[in-house]
Amino acid sequence: MTQRALDPSGDQPTGSSGPPAAGRPVKIDAGSELDPVHPVDLPAPATARGLSAAEVAERIARGDVNDVPVRSSRSVTEIVRANVFTRFNLIIGVLWVIMLFVAPIQDSLFGFVIIANTGIGIVQEWRAKRTLDSLAVIGEAKPTVRRDGVAAEVSVSEIVLGDLVELGPGDKVIVDGTVTEADSLEIDESLLTGEADPVLKRAGDPVMSGSFVVAGGGAFTATKVGREAYAAQLAEEASRFTLVQSELRSGISTILKYVTWMMIPTAIGLIISQLVVKDNNFKDSVARTVGGIVPMIPEGLVLLTSVAFAIGVVRLGRKQCLVQELPAIEGLARVDVVCLDKTGTLTEGGMDVTEVRALNGADEAYLRRVLGALGASDPRPNASLQAIIDTYPVPEGQAWAVTGTLPFSSARKYSGAAFDEGGGRDSSWLLGAPDVLLPEADPALTEIEQLNEKGLRVLLLARARGELDAPGVADGALPSALIVLEQRLRPDAGETLAYFADQRVAAKVISGDNAVSVGAVAAKLGLPGAEHPLDARRLPTDPDEMATAMEENAVFGRVTPQQKREMVAALQSRGHTVAMTGDGVNDVLALKDADIGVSMGSGSEATRAVAQIVLLNNSFATLPSVVAEGRRVIGNITRVATLFLTKTVYSVLLAVLVVCFQVEYPFLPRHLTLLSTLTIGVPAFFLALAPNKERAHPHFVRRVMRYAIPSGTIAAAATFTMYLIARSHYSGTGALDAETSAATLTLFLVSMWVLAIIARPYTWWRICLVAAMGLAFLIVLVVPWLQDFFALKLVGTTMPWTAVAIAVVASAALEYAWRLVSRRFPA
C-alpha cells in the first residue's frame, strides 16, 4: 500500500523513496512514506505482532474475510441484458417477427441488422470491461497488514477479521476497526460524515471504512470486514461501470422519449390508413406499414454511443489511464479550466539538495549532523527529506536517539523531531516553510525570495526553544539554515500545458508551496500568466471576489486544502467546468468537489478512491489523450445523432403525409433498410470513431435537433413531392413499384447530401466514404439481381431525372437551412 506524505513546505507528495532501513522502530511520522512494492520486516512488540498464520487460516475457513467484490465494470450478464433488452429492440423484434410471416426475407433485413449491431455493442463493451478490470487490479490499493510481527502488503480481499492494519498519511481505511496504535493519528471522515475537520484518534477509538489518514500514523484492528463494513456497499456502488450523470446519455434518452411519443400515434394512423382506408392486400399493407414504422426508430444511436464510449475506454486503457466512471471521458472533454498541482504534476518526484546556507553563525558541520538525524528519524521519508538523506547520510552507529516527533500538517506546514545527542545534550528541531517559521520582517526572507524566483525550493531548519508538543513551538524558534532544493521538471509538462492553451483550456497551478517558487517553475514551462503568482493567503474570502481572482491569475501558492475546495467552487460559480489533478491527501476534498477529479496512480489511496480518472503511469502528459478521446466521442456522436434523427423526422413526416393524403406508403422495409445502411449506418460507424478535436459544447439535444428538424422536413417534402408526381405519371401494372423507385432515388440523394454536410470538413477518407456509399447505391440500381432483391427499378427517363432535379433543389434548400440555423440559432 502506497502511503503518501506531504512535503514540509506544504506541497503535495511526489513519490516513494524506498523501504526503511532494517531495525528501525515502527513509527509513522509526518512526511512518511511506505515502499509500495517490497514488504518490510519491522520488529514489533509481542502485543502488536498481529495475527499468526494459523489464526489467519482459521478466519479464512470461517469466512471472516473482506470478500466485498471490487466492481470496476458491469458483469457480462448485465452487458448482454443492457444491449439486448431495450425498448426499441422490443418494438423492432415484434415487427421483425411479423415481417418474417407476411413478406419476403428482403423486407426482414432490418432485423438481422439489429442483431449484428447489438452483437457489436456487446463485444465492444465486453472489451471495455476487460480493460477496466485489468486496470483496476493494477491500481488497486494494497493495505499493509502486520502478521507474526511482519508487515507486508496484501490485497483488500485478503484482510481477515482481527487483522492489524497499519496506517500512514494518505492511507484509506479499508475496513471498520478499532485503533490499536496511534502516533498523532488524524483521520478525515468527511467522505462519510461531511465534516471537513480531521479527527484526532487515540488507542481504542473506532475508525470507519471510507475515511483516510491526513497526518500521523498508527494501526487498527479490523472489527468488521466484507459487507458488514460501514462503507462497503457505498464503495462497491461507487466503483461500478456507470453511464449516469452524462449529458450525452441523458440527452439521447430525452430524444428517444419524444420519438416514442411521436411514433405511437403516427404508427396507429399509418396502420389504419394502410389496412382500412385503402383496403389493400393484407400482406402488402402490413409490409408497407412496418416500412413506415421501422425508420422512425433511431435504434442505432444508443448502440453507437455505447460503442464509442467503450472504444474510448479501451484506447485510454492502452495508455495506462483508468477511467473509473465513463462519463469522465465526456466530462473532461467539456472542461475549460484544469487545476494542477506543481509537485508530481509539473515536476518529478526526485529532488536534489543544491546548497545549505547557515544562518546566525551556525556551525555547518553540526548542521549536517542535524539534517542527517532528521532524515534518519523518519522511516518513510518524502521526496524533500530523501534528498537530504542522500546528501547527508548518517554514519553507521552514530545516529542520535529520537525522543519525540511532530507530524506534519497542512495547517502548520512544518514538522519536527527531538534528539538525545548524547553527553547530556538534547535538542529539538523544526523543518518546514520559511515564510511560516520566520517573522514577516526577517531579512532572510528577501534572500529566500530571490532563490524562489529561480524556481528553487527552500526549507528552513530552525531550533525550537521548547517542547515539540507545546502549542507555540514555532514561536521564537532560532533559524539555523536554509536548505535549497532543486526540483526536476517533467520533460513533457511544457508540451501538455501548451496543448491546453491551444485548446482554450485555462490551466491554474495551485500549490501549497511558495508562490514565487511555483511561478518560477510554471514560467520555465511557458505557462501564460506565470510571471504574476499570487499568494493564496492574500486571496479574498468573498466567493465572488475569489472567482474574479481565480479567472485573472494562473499561479497560486501557499494554498490550504480548504482553499482548494473554495477555489473549485468559485470557478464553478462562474459557469466553468473544472478538472482538478492531485495525488496528496490534501487534494481529496477538492478532487471530490471538482467536476472531474484526476489522480496519479502513485497517489494516496484516498485520492484514487474519489477520482474519476486515475493516471496509472503517473504521467500528466496522458491528460491530453483523455481530453481528445472525450472530444472525439461527444463531437462525433453529435454529428451522427443528426443523421439518425433526420431519418426519424422524415419518417414521421412521410407517415403523416401518407395518412393525410390517403395514399399507399411509398416504401417497403427493404428500401429503407438499404437507405439507412448506406446513408446512416455504415457512415455513422466510421464518423463516430474519427478524430475530432472540437471542444464539447453543452445543450446536446438543442444542438442536434436544430439541424435534424429542418433536414428531415426538407427530405420528407422532397420525397413526397416526387412520389405524388410519379403517381400522376405512372399507371397500370407495376406503377407502385415505379413510383417507389423514383421516390427512393430522391430520398437517397437528399440523404446523401445530409451525409455530405455532416462529413465536413472533408479529408480524403471522408470523401471516399461518401463516394463509396453513392457507388454502392448505383450498383444496386444497375445490377439486375440486386434490382429484383431490393425491388428497385427506374422506369423511363422522365421520372428519374425529375427525381434528380427535385433532389438538387432540396440539397440547395438544405445548404441554406444549415447556414441559416447556424447563424440564427447558435447552440
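Residues numbered from 1 in each chain as written. Predicted model: local features only at pLDDT ≥ 70, side-chain atom pairs only at ≥ 80, totals over all residues. Heavy atoms only, no water.

**Q** In this structure, what is going on with the overall build of the protein? I would like to understand it.
**A** Looking only at helices and strands, one finds 27 helices and 21 strands in the protein. Per-residue burial for the protein yields a buried fraction of 57% across its 827 residues. The contacts of the protein with a sequence gap of at least 6 include a subset with a gap of at least 24, amounting to 74%. (Helix = DSSP H or I, 4+ residues; strand = E, 2+ residues; numbered from the N terminus. Buried < 20%, exposed > 50% of the residue type's maximum accessible area, 1.4 Å probe, protein only. Contact = heavy atoms within 4.5 Å.)

**Q** What should I look at first to understand the packing of aromatic side chains in this one?
**A** In this structure the tally under the stated criterion is 12 aromatic pairs. On the numbers, 6.1 Å between centres and 75 degrees between planes, the contact of Tyr-665 with Phe-667 is edge-to-face. Like Phe-667, Tyr-665 is buried. Relative to Phe-777, the ring of Phe-748 lies with its centre 3.9 Å away and its plane at 15 degrees, an arrangement referred to as stacked. With Phe-748 in helix H24 (residues 735-758) and Phe-777 in helix H25 (residues 764-782), this residue pair connects regions lying 29 residues apart in the sequence. This pair shows no difference in class: Phe-748 is buried, exactly as Phe-777 is. Three or more aromatic residues link up through ring pairs in this structure, and these residues are Tyr-366, Trp-400, Phe-419 and Trp-429. The ring of Tyr-258 carries the charged tip of Lys-257 above its face, separated from the ring centre by 5.8 Å. (Phe/Tyr/Trp six-rings, centres within 6.5 Å; stacked < 30°, edge-to-face > 60°. Lys NZ or Arg CZ within 6 Å of the ring centre and 35° of its normal.)

**Q** Would you mind showing me how to read empty space enclosed by the protein here?
**A** Sizing a probe to match a water molecule and rolling it over the atoms shows the empty space that remains. All chains considered together, the criterion is met by six cavities of 30 Å³ or more. In this structure, the second largest cavity occupies an estimated 60 Å³ of space. What lines the second largest cavity is Leu-643, Thr-646, Lys-647, Tyr-650, Thr-679, Ile-680, Ala-715, Ser-751 and Val-754. Looking at the lining of the second largest cavity, the elements that each hand over two or more residues are helix H21 (623-661), helix H22 (669-688) and H24. Here the element with the most residues in the lining of the second largest cavity is H21; it accounts for four residues. (1 Å grid on protein atoms, 1.4 Å probe; cavity = no way out; pocket = protein on both sides within 12 Å on 5 of 7 lines; lining within 4 Å. Points joined across faces, edges and corners; volume = space filled by probe spheres on them.)

**Q** Any chance you could explain the nonpolar core here in plain terms?
**A** The biggest cluster of nonpolar side chains holds 97 residues, and the ones touching the most others in it are Phe-110, Ile-637, Val-640, Phe-700 and Phe-777. Examining the composition of this core, we find that 13 residues originate from one element, H24, more than from any other. For Phe-110, the contacting residues outside a window of four places in its chain are Ile-92, Leu-95, Trp-96, Met-99, Val-290, Val-294, Pro-669 and Thr-673. If you look at the next biggest cluster of nonpolar residues, it comprises 34 residues, including Val-313, Leu-316, Cys-321 and Ala-328. (Core = buried A, V, L, I, M, F, W, Y, C linked by side-chain atoms within 4.5 Å.)

**Q** Help me understand the environment of Ala-690 in this model?
**A** By secondary structure assignment, the location of Ala-690 is in the loop between H22 and helix H23 (700-729). Counting along the chain gives 58 residues from Ala-690 to Arg-632, while the straight-line C-alpha distance between them is 7.0 Å. Contacts of Ala-690, omitting those with residues within four sequence positions, involve Arg-632, Asn-636, Trp-765 and Arg-766.

**Q** Teacher, can you tell me more about the sheet that holds strand S18 (residues 555-557) here?
**A** Paired through backbone hydrogen bonds, the strands of a sheet run either parallel or antiparallel to each other. Reading across the sheet, the eight strands line up as S8-S21-S20-S19-S9-S16-S18-S17 and stay open at both edges, with mixed pairing between neighbours. With partners counted over all chains shown, the strands left at the sheet margins are strand S8 (321-323) and strand S17 (534-535), one partner each. (Pairing = 2+ DSSP bridges.)

**Q** So what exactly am I meant to see when it comes to the pattern of salt bridges here?
**A** Note on pairing: side chains with opposite charge can pair once their charged atoms come close. Within this structure, the stated rule accounts for 20 salt bridges. Salt-bridge contacts for Arg-632 lead to Glu-629; the nearest nitrogen and oxygen are separated by 2.5 Å. Residue Arg-632 and its partner Glu-629 are both found in helix H21; the two are separated by three residues, about one turn of the helix. When sorted by exposure, Arg-632 lands in the same class as Glu-629, which is buried. A single salt-bridge network, built from bridges that share partners, covers Asp-435, Asp-535, Arg-537, Arg-538 and Arg-558. (Salt bridge = Lys/Arg side-chain N within 4 Å of Asp/Glu carboxyl O.)

**Q** Would you mind going over the environment of Ala-474 with me for this structure?
**A** Along the chain, the position of Ala-474 falls in the loop between strand S14 (457-463) and strand S15 (478-489). Along the primary structure Ala-474 and Leu-437 are separated by 37 residues, whereas in three dimensions their C-alpha atoms are 6.3 Å apart. Once residues lying within four places of it in the same chain are set aside, the contact partners of Ala-474 are Tyr-414, Leu-430 and Leu-437.

**Q** What's the story with unusual backbone geometry in this structure? I'm lost.
**A** A negative phi angle is the norm for most residues apart from glycine, just as the trans form is the norm for most peptide bonds. At the junction of Arg-760 and Pro-761, the peptide bond is cis and its omega measures out at -5 degrees in the coordinates. Secondary-structure assignment places Pro-761 in the loop between H24 and H25. Even without being glycine, Gln-320 reaches a positive phi, approximately 60 degrees. Here Gln-320 lies in the loop between helix H9 (299-317) and S8. Relative accessible area serves as the criterion here: at 29%, Gln-320 is assigned to the partly exposed category.

**Q** It is not clear to me how helix H15 (residues 493-502) should be interpreted in this structure. Could you clarify?
**A** Owing to its 3.6 residues per turn, the α-helix aligns residues three or four sequence positions apart on the same side. For H15, the full list of buried residues reads Ala-493, Thr-496, Leu-497 and Phe-500. Buried residues along H15 cover an arc of 95 degrees about the axis, so they all sit on one side. Facing away from the buried surface of H15 by more than 90 degrees, the exposed residues are Glu-495 and Asp-502. Once H15 ends, the next one or two residues include Arg-504, with phi positive near 60 degrees. (Arc of directions from axis to C-beta.)

**Q** For this particular structure, what's the right way to read the side chain of Arg-147?
**A** Mapped onto the secondary structure, Arg-147 falls in strand S1 (residues 144-147). Those residues in contact with Arg-147, other than ones at most four positions away along the chain, are Arg-49, Leu-51, Val-56, Val-154, Glu-158, Ile-159, Val-160 and Asp-163.

**Q** Is there a simple way to explain a negative patch on the surface in this structure?
**A** The grouping of Asp-420, Asp-426, Glu-467 and Asp-469 at the surface amounts to a negative patch. Position of Glu-467 relative to the elements: it lies in the loop between S14 and S15. (Patch = residues over 30% accessible without salt bridge, like charges linked within 9 Å, V, L, I, M, F, W, Y side chains within 5 Å. Areas by Shrake-Rupley, 256 points an atom, 1.4 Å probe, with all protein chains shown as cover. Lys, Arg positive; Asp, Glu negative; His and termini not counted. Charge placed at Lys NZ, Arg CZ, Asp CG, Glu CD.)

**Q** Quick question: what am I supposed to make of the packing of H23 against helix H27 (residues 798-824) here?
**A** Geometrically, a packed helix pair is captured by the angle between its two axes and the distance between the axes. Across the interface, H23 lies against H27 with an axial gap of 10 Å and an inter-helix angle of 160 degrees. Taken together, the axes of H23 and H27 are roughly antiparallel relative to one another. Handedness of the H23/H27 crossing: right-handed. Only Thr-798, Met-799, Thr-802, Ala-803, Ile-806, Ala-810, Ala-813, Leu-814, Ala-817, Trp-818, Val-821 and Ser-822 of H27 make contact with H23, whose side of the interface consists of Arg-706, Tyr-707, Pro-710, Ser-711, Ile-714, Ala-718, Thr-721, Met-722, Ile-725, Ala-726 and His-729. Residues that form the contact of H23 with H27 fall into these classes: 16 nonpolar, six polar and one charged. (Axes fitted to C-alpha atoms, helices over the stretch in contact; angles between N-to-C directions. Parallel < 35°, antiparallel > 145°, perpendicular 65-115°, else oblique. Left-handed = near helix turned anticlockwise from the far one by under 90°. Nonpolar A, V, L, I, M, F, W, Y, C, P; charged D, E, K, R; others polar.)

**Q** How should I be thinking about the packing of helix H14 (residues 444-453) against helix H16 (residues 515-524) in this particular structure?
**A** Two elements in contact, H14 and H16, have axes whose closest approach is 7 Å; the angle formed by their N-to-C orientations is 20 degrees. Considered as vectors, H14 and H16 are oriented roughly parallel to each other. You can see that H14 and H16 cross each other, and the crossing is right-handed. From H14, Glu-449, Asn-452 and Glu-453 reach across to H16, where they touch Val-516, Ser-517 and Ala-520. For the contact of H14 with H16, the residue count by class is two nonpolar, two polar and two charged.

**Q** Mind showing me how you'd approach the confidence of the model for the protein here?
**A** Should pLDDT be low for a region, the predicted coordinates there are not to be read in detail. Residues of the protein with pLDDT of at least 70 account for 85%, and the chain-wide mean is 79. When pLDDT is averaged over each element of the protein, H25 comes out on top at 94 and helix H6 (residues 232-238) at the bottom at 47. Confidence over residues 1-47 falls short of pLDDT 50; this stretch has 172 contacts with residues more than four positions distant or in other chains. Under a pLDDT of 50 for its full length, residues 234-244 has, in the predicted model, 25 contacts with residues more than four places off or in other chains. (pLDDT = per-residue confidence, 0-100.)

**Q** How should the pairing of strand S2 (residues 150-153) be read in this particular structure?
**A** Put simply, side chains in a regular strand alternate between the two faces of the sheet. In terms of strand pairing, S1 meets S2 through four bridges, oriented antiparallel. Considered in S2, the bridge of Thr-144 is made with Glu-153.

**Q** Help me understand a nonpolar patch on the surface in this model?
**A** Judged by side-chain polarity, Ile-264, Ile-268, Ile-271, Ile-272, Leu-275, Val-276 and Phe-282 come together as a nonpolar surface patch covering roughly 630 Å² of accessible area. Examining the composition of the nonpolar patch, we find that six residues originate from one element, helix H7 (residues 247-277), more than from any other. Within the secondary structure, Leu-275 is located in helix H7.

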